[in-house]
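So the chains spell out like this:
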Amino acid sequence: MKNFAFIIILGLFLNRALSFTISSPYSKTRRLSTLFKYDSSCTRPRDGGFQLGAVASDTTQKGANEYKLTPEAKELEELLQNKEKCGKLLVAQTAPSVRVAFSEMYGEEPGVFSPGILVASLKALGFDVVLDTNTGADLTICEEGTELLHRLLVREERRKKSNGEQPTFDESLSLEEPLPLFTSCCPGWMNMVSKSNPELIPFISSCKSPHMMLGAMVKQYSHELFGREASQVYFNSVMPCVRKRGESDFAAFSHDGVRDVDNVITTKDLRDLLKIHGVNPSELEPLPYDSPFQVEEHRPDGLGSGAGQLFGATGGVMEAAVRTVYEILTESQLPRLELKEVRGLEGIKEATIPLFNKDTGKGLDTELSVAVANGLGNAKKLIASMKEGKSHYDFVEVMACPGGCIGGGGQPKSTDKSILDKRMEVIYKLDKTLPIRRSHENPSIKAFYDKFLESYGSENAHRLLHVKPVYGENPQDEKNKAEET
């Protein structure tokens, strides 16, 4: 009888354990269970779709057990095993920080493997196309820079009417397009805003993060780029951040019922999958990033810019944005391309940049005041200082992880106390050595706008690349604004 009672209790416990769920940072639900169960079209449902009792291939199940694969890595592995059956085009994109830490998982220092080795590894795994998320970052800069410029111009008009008086933080809340503009590419920061500081939402950029922008472009123009319908393209991001998984699940990040990004795996997930498939990156020859967006006369590789590469380090979004904003305003290049005031691992960094160029006579007769918060603790300090009127800024970057994306939760663990400094140095080295260092000069970006988006901040760009902070709307842009009321 005691044994029977024990079995009943054990059964109830296991049932609870197998049904246990966790919430993503955005209240999406993911099951801690076995493998993704495909429907007849090999399509992943938006709610995550990780279902109990799914039947995995022997190879997937063995690899999942040995390497304790995450649900996202399991999903990708099962798709790789069923690639011919599904008939989908497998497209990957790799974030700036992934290429920096990738070599560490094979006993090397950060950045030893070239980006081309990362591309070759993904091709060996089974991906048909590999894109550079740096290009998504370049796209973000062009859109976010335009958004900042518009707010600056609105602010200058207000100043003329108010004899140059600076509104307080509370007064700014009632203004249309207030400053400072906060960056929006870090999902950890967006989670903090939505849960703890919703009063900041009017200050948040409407730009999608780089990997979501690139996903939107790939899916929207899949037929022109690959000769495939969007539903027949499986787009997988390789990211340093575990929160990117929850970000991609938001309903706002879909168009016509198709997800912009189908799945997100981390740097560590990629290592496990490569081991399962017996792929050793050190034995591969480098391959270039694919460049489906570019016209023939442009360079054949799909590398993003050095500015896009900077997104991997704290202060990088700010530095990249200043390069483009200054040039658009003054029609001249920034005299000092490297904004060293916002580099490094300090908690809060500040800089001011004159926005008028005497040689061209172009620009605004004012300075751009910027700040960078390295980690959410420092973001809270910065916000408190602004609310108390102790500091005023026009543009603020926030990254949740110390060091920025190079220190993301999906990156390889290290016992080296100086690992963030080393990764950051690789970021800066890549920026300096890449042939293009300004986002707006990336040939893929020029092709985006020439062929698809028309101009920075256009109606089409807003439809595809922007979202209501924090991640609101879409489902067909709220049914096309209730059929235009």
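Structure: above.
The structure reproduced in this document is the subject of the present report. Chains are numbered independently. Their residues run from 1 in the order of the written sequence. In keeping with the model being predicted, local features are shown solely for residues with a pLDDT of at least 70 and side-chain atom pairs are shown and tallied solely at 80 or more, while totals for entire chains, interfaces and linings include all residues. Side-chain numbers here rest on the full set of heavy atoms in the structure, without hydrogens or water.

Two strands are said to pair when DSSP picks up at least two bridges between them. Numbering goes from the N terminus for both helices and strands, where a helix is a DSSP run of H or I of at least four residues and a strand is a run of E of at least two. Taking strand neighbours across the sheet as the criterion, the 4 strands line up as 5-12-11-10 in an open arrangement whose pairing is mixed. Each edge of the open sheet carries a strand with a single partner, namely strand 5 (181-182) and strand 10 (348-357). The pairing of strand 10 with strand 11 (residues 362-374) spans 9 bridges and is classified as antiparallel. Considered in strand 11, the bridge of Ala351 is made with Val370.

Turning our eyes to something else, we now look at the pairing of strand 3 (residues 89-94). Partly exposed describes any residue whose relative accessible area lies between the buried limit of under 20% and the exposed limit of over 50%, with all areas from a 1.4 Å probe on protein chains only and scaled to the type maximum. A large share of strand 3 lies buried, amounting to 6 of its 6 residues. Burial along strand 3 is two-sided: the residues Leu89, Val91 and Gln93 and Leu90, Ala92 and Thr94 are all buried. Here 6 bridges tie strand 3 to strand 6 (residues 233-239), and the two strands are oriented parallel to one another. Note that in strand 6 the partner of Thr94 across the bridge is Val238. Examined bridge by bridge, strand 3 and strand 4 (residues 129-132) share 4 bridges and lie parallel to one another. In the sheet register, Gln93 faces strand 4, and the bridge partner there is Leu131.

We now examine helix 17 (residues 419-433). Helix length check: helix 17, at 15 residues, gives a terminal C-alpha distance of 21 Å against a target of 21 Å (1.5 Å per residue), a fit within 8%. Contacts are residue-level and defined by heavy atoms, with any inter-residue pair within 4.5 Å sufficient. Lining the buried residues of helix 17 we find helix 5 (96-101), helix 14 (306-309) and helix 15 (316-330). In this scheme, a helix's expected span is set at 1.5 Å multiplied by one less than its residue total.

Attention now goes to unusual backbone geometry. Omega for the peptide link from Leu179 to Pro180 comes to 10°, which places this bond in the cis form. Structurally, Pro180 can be placed in the loop between helix 8 (169-172) and strand 5. Cis geometry marks the peptide bond from Pro469 to Val470, where omega comes out at -15°. By the element assignment, Val470 lies in the loop between helix 19 (459-465) and helix 20 (475-484). Phi at Glu331 is positive, roughly 60°, even though this residue is not glycine. Here Glu331 lies in the loop between helix 15 and strand 10. For Glu331, a relative accessible area of 56% gives the class exposed.

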